[in-house]
Amino acid sequence: IGVTGVQTCALPICRDGACPVSDHPRTMFEQEREGHRFRRAANEIERMRHQALDFELESQGETMAHILIVDDESSIRESLRGILEDEGYKTSASPSGEDCLELLRKSNFDLILLDVWLTGIDGLEVLEKVRAMDDPPEVIMISGHGTIETAVRATKLGAYDFAEKPLSLEKTLILVDQQRTRLN
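Summarised in this report is the structure supplied together with it. This one's a predicted model, so the numbers in the text were calculated from it and none came from an experiment.

For the protein chain, the helix and strand inventory stands at 6 helices and 7 strands. Ordering the α and β elements of the protein chain from the N terminus gives β-β-α-β-α-β-α-β-α-β-α-β-α. Here the protein chain holds 184 residues, and the buried ones make up 34% of them. In the protein chain, 57% of the contacts between residues at least 6 apart in sequence involve partners at least 24 apart. On the protein chain, roughly 11,500 Å² of surface is accessible, and the fraction owed to carbon and sulfur atoms is 52%.

What follows concerns empty space enclosed by the protein. This structure, assessed with the given rule, holds 1 cavity of 30 Å³ or more. The computed volume of the largest cavity comes to approximately 30 Å³. Taken together, L113, I140, I142, A163, L167, T172 and L175 make up the lining of the largest cavity. Where the lining of the largest cavity is concerned, the elements lending two or more residues are β6 (138-143) and α6 (169-183).

What counts and how
- Residues numbered from 1 in each chain as written.
- Predicted model: local features only at pLDDT ≥ 70, side-chain atom pairs only at ≥ 80, totals over all residues.
- Heavy atoms only, no water.
- Helix = DSSP H or I, 4+ residues; strand = E, 2+ residues; numbered from the N terminus.
- Buried < 20%, exposed > 50% of the residue type's maximum accessible area, 1.4 Å probe, protein only.
- Contact = heavy atoms within 4.5 Å.
- Areas by Shrake-Rupley, 256 points an atom, 1.4 Å probe, with all protein chains shown as cover.
- 1 Å grid on protein atoms, 1.4 Å probe; cavity = no way out; pocket = protein on both sides within 12 Å on 5 of 7 lines; lining within 4 Å.
- Points joined across faces, edges and corners; volume = space filled by probe spheres on them.

Shown next as structure tokens:
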């Protein structure tokens, strides 16, 4: 980049910064604007891809799962939400067991990712109440402080699986995808 803010092309075929492409050299502002347009276009393509996937699944009688994420740590809720939405899932989030149960009274969910250690009602108690509902969603328990005893108890109470924190992106997606496959 020269003093004037003009960047010359860095392509190997261009010698001494002279580029055969007509719009080179470009200013940093032009590059930034082009990058913004590219990101906006990429986001639009991704949105359209998700719409096409949803349409394809609906036409096959399948829909993307609606997942409720229940964790008292906002960073975990938001991380899981972002990852799952990037994969095309519809998500909702809840910071407590009480709020989770209230959301379950108002909406239908296909799957719950439920933390064991919550303020107020803990995850295992929420799991018991969820499993007692008519047509309950499946539950995957998550915990950073889980023991074998907790995992066994959760499974006996009806949890589909048990995942330990820190959550592995790959394992979380595999568990959710397996559950979606079971539902369809």
